[in-house]
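# Residue-level structural notes
Next come the chains, spelled out residue by residue.
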Amino acid sequence: MTPTLKQYLNLQELEAAAAEVLSPAAFAYYRGGANDEHTLRANRDGYAQLKLRPRMLVDVSNVDTSTEVLGVPLSFPLGIAPCAMHGLCHPDAEVATARAAASLGSLMTLSTMSHRTIEDVSQAAPERLWFQLYVYRDREISRALVQRAEAAGARALVVTVDAPYLGRREAIIKTPVHIEPGTILPNIGPRRPGSEQLDDLRYFDSLLDPALTWKDIAWLRQQTQLPIILKGILTHEDAGLAAQHGCHVWASNHGGRQLDTAVTALEALPEIVEAVEGRVEVYLDGGITRGTDILKAVALGAKAVFIARAALYGLALAGEEGVRYTLQLLQDEFRLAMMLSGKTRVSELGSDLLKM
Ligand SMILES: Cc1cc2nc3c(=O)[nH]c(=O)nc-3n(C[C@H](O)[C@H](O)[C@H](O)COP(=O)(O)O)c2cc1C
Ligand SMILES: CC(C)CC(=O)C(=O)O
């Protein structure tokens, strides 16, 4: 391992270090949330406020952190959430992140807005890739992406449902992120003539279909054999509908980047888990920076949790090795948190572990 990585003891220190190496615009884009960033802060604060009820005098000399999501074995219940443009962090972009995730028995979710192709990233994380789909107004492009993801061996399709439009992220209005001319974002295709006045993110925004509804989910269901996961669900009403449509549920407020003052995924999790009644799997993201955060989300019923920004910060600092370091820190913390709570298997984590 690069000697300098070891000096960072936790994900907060990795973030501070990444802020020094990233361009101000890229860091502002990665870190920022919508409006006053209430939801962004709440994502972190929610974990600090939820208290654990550890059990004592349990033999924890042999702890197993492994689990499984939709048939993919995980060394611990954590994967990489979809993030646009890893290439702003490191030239190896999503390929480096995917390699790191695969080498540690984790899982990579590739964003529609990636720098690398689905096929390249799939090779970097065989059997450990999910593909995130933003549904475009032009359904044929979306359908072709789904087919490519399936052919490349992606194990699930993650459909993001909380972004009919991009949220108002003031940091990037002040310091717009600039994609170098000539950069290829392979799933976007050439610019529509007449769109020159839009910056890159606004242009992408204009491709997304704000008219997406449950009938489109039914349409997607017919396009693919892959399991479908709806990302961005925050209520029991939508979780119930997702399960009715045969979709798994990813509780998320998009890292506080969409609707400011929306509930956190952690707050929404109990009603979501109750609504799906075990018919489908439930995942969560937003604000995970500690092993105890993973423990709490799993105890509340999440099958696994996902990280976005923390992985990008590791990537910015040291490419594949930086992402591996980030994941390893989290796995070590999670194992210790299990031991100190008197739990030896992920299946033992339940609501009795939490002070409600
Ligand atoms: C820079 C950045 C880019 C993102 N890009 C996407 C994306 O392309 N698709 C998507 O569904 N979510 C995207 N997200 C949201 C993340 O998948 C995730 O929901 C959110 O960041 C919460 O995790 P975190 O607190 O660990 O960052 C992005 C988040 C960030 C910070
Ligand atoms: C390209 C963007 C739509 C990616 C995204 O979801 C985000 O920045 O939060």
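What counts as what
Residue positions are given per chain, counting from 1 as you read along its sequence in written order. Note on labels: chains are lettered from A, ligands numbered from 1, in written order. A pLDDT threshold of at least 70 governs which residues receive local features in this predicted model, and a stricter bar of 80 or more applies before side-chain atom pairs are shown or counted, although totals over entire chains, interfaces and linings include all residues. Heavy atoms from the whole structure form the basis of all side-chain values; hydrogens and water molecules are not counted. Whether a residue is near a molecule or strand is decided by its heavy atoms; if any one of them lies within 4 Å of it, the residue is near. Here a polar contact is recorded for every N or O atom pair within 3.5 Å, except that within protein the pair must consist of a potential hydrogen donor and a potential acceptor, and residues adjacent in sequence are included only if both atoms are side-chain atoms. Accessible surface area values rest on a Shrake-Rupley calculation with a 1.4 Å probe, where residue burial reflects the displayed protein chains alone. In this analysis a 1.4 Å probe is tested at points of a 1 Å grid over the protein atoms alone, and where it fits but cannot get out there is a cavity; an open set with protein on both sides within 12 Å along at least five of seven lines is a pocket; lining residues have an atom within 4 Å of a point. The way we define it, a molecule is inside a pocket or cavity when more than half of its atoms are within 2 Å of that pocket's grid points. Think of it as three bins: nonpolar holds Ala, Val, Leu, Ile, Met, Phe, Trp, Tyr, Cys and Pro, charged holds Asp, Glu, Lys and Arg, and polar takes everything else, Gly as well. Grid points are joined across faces, edges and corners, and a volume is the space filled by probe spheres set on the points. Throughout, an axis means a line fitted to C-alpha atoms (over the contacting stretch in the case of helices), and angles, computed between N-to-C directions, take values from 0 to 180 degrees. Put simply, DSSP H or I for four residues or longer makes a helix, DSSP E for two residues or longer makes a strand, and each gets a number counted from the N terminus. Oblique is the label for any angle not covered by the other classes, which are roughly parallel (under 35 degrees), roughly antiparallel (over 145) and roughly perpendicular (65 to 115). Note on convention: the crossing is left-handed when the near helix lies turned anticlockwise from the far helix by less than a right angle, right-handed when the turn is clockwise. Working rule for contacts: check all heavy atoms of both residues, and any pair within 4.5 Å makes them a contact. Under the pairing criterion, centres of Phe, Tyr and Trp rings, with the six-membered ring standing for Trp, must be within 6.5 Å; the plane angle then separates stacked pairs below 30 degrees from edge-to-face pairs above 60, leaving the rest tilted. Classification of residues uses two cut-offs on accessible area relative to the type maximum, computed with a 1.4 Å probe and protein chains only: under 20% is buried, over 50% is exposed, and between them is partly exposed.

A few words on the site of ligand 2. Surrounding ligand 2, one finds Tyr29, Ala84, Met113, Tyr134, Leu166, Arg169, Leu201, Phe204, His254 and Arg257. Residue Tyr29 places a side-chain N or O atom 2.7 Å away from an oxygen atom belonging to ligand 2. Contact between ligand 2 and His254: an oxygen atom at 2.8 Å from a side-chain N or O atom of the residue. For ligand 2, the accessible surface in isolation is 280 Å², of which the surrounding protein chains cover 94%. The site holding ligand 2 turns out to be the largest pocket. A class-by-class count of the residues in the shell around ligand 2 yields seven nonpolar, one polar and two charged.

Attention now goes to empty space enclosed by the protein. Going through the model one piece at a time under the given rule, you end up with one cavity of 30 Å³ or more. Considering only enclosed or pocket space, the largest cavity measures out at about 30 Å³ in volume.

At a minimum axis separation of 8 Å, helix α4 (residues 93-103) and helix α13 (residues 309-341) run at an interaxial angle of 20 degrees. Taken together, the axes of α4 and α13 lie roughly parallel to each other. You can see that α4 and α13 cross each other, and the crossing is right-handed. Judged by residue contacts, Ala93, Ala96, Thr97, Arg99, Ala100, Ala101 and Ser103 of α4 engage Leu315, Gly319, Glu320, Val323, Arg324 and Leu327 from α13. Partitioned by chemical class, the residues of the contact of α4 with α13 number seven nonpolar, three polar and three charged.

Take the site of ligand 1 next. Taken together, 22 residues lie near ligand 1, and Pro82, Ser111, Thr160, Asp285 and Gly287 sit nearest. Between ligand 1 and the protein, one listed contact pairs an oxygen atom with a backbone N or O atom of Gly287 at 2.8 Å. Contacts to ligand 1 include Arg309, whose side-chain N or O atom sits 3.0 Å from an oxygen atom. Coverage of ligand 1 by the protein chains reaches 97% of its 600 Å² of free accessible surface. The pocket occupied by ligand 1, as judged from atoms lying within 2 Å of grid points, is the largest pocket. Breaking the shell around ligand 1 down by element, the ones donating at least two residues are α2 (24-31) and α13. For the shell around ligand 1, the residue count by class is 10 nonpolar, eight polar and four charged.

A word on the packing of aromatic side chains. Across all of its chains, the model carries 11 aromatic pairs by this definition. Summarising the aromatic geometry, the rings of Trp130 and Tyr283 are spaced 5.4 Å apart at their centres and angled 55 degrees between planes, so their arrangement reads as tilted. Here Trp130 is found in strand β6 (residues 129-133), whereas its partner Tyr283 is found in strand β10 (residues 282-285), with 153 residues between them in sequence. Each member of the pair Trp130 and Tyr283 is classed as buried. Seen from their ring centres, Trp250 and Tyr283 are 6.5 Å apart, and the 75 degrees between their planes marks the pair as edge-to-face. Linking Trp250 in strand β9 (residues 248-251) with Tyr283 in strand β10, this pair joins segments that are 33 residues apart in sequence. Considered together, Trp250 and Tyr283 belong to a single accessibility category, that of buried residues.

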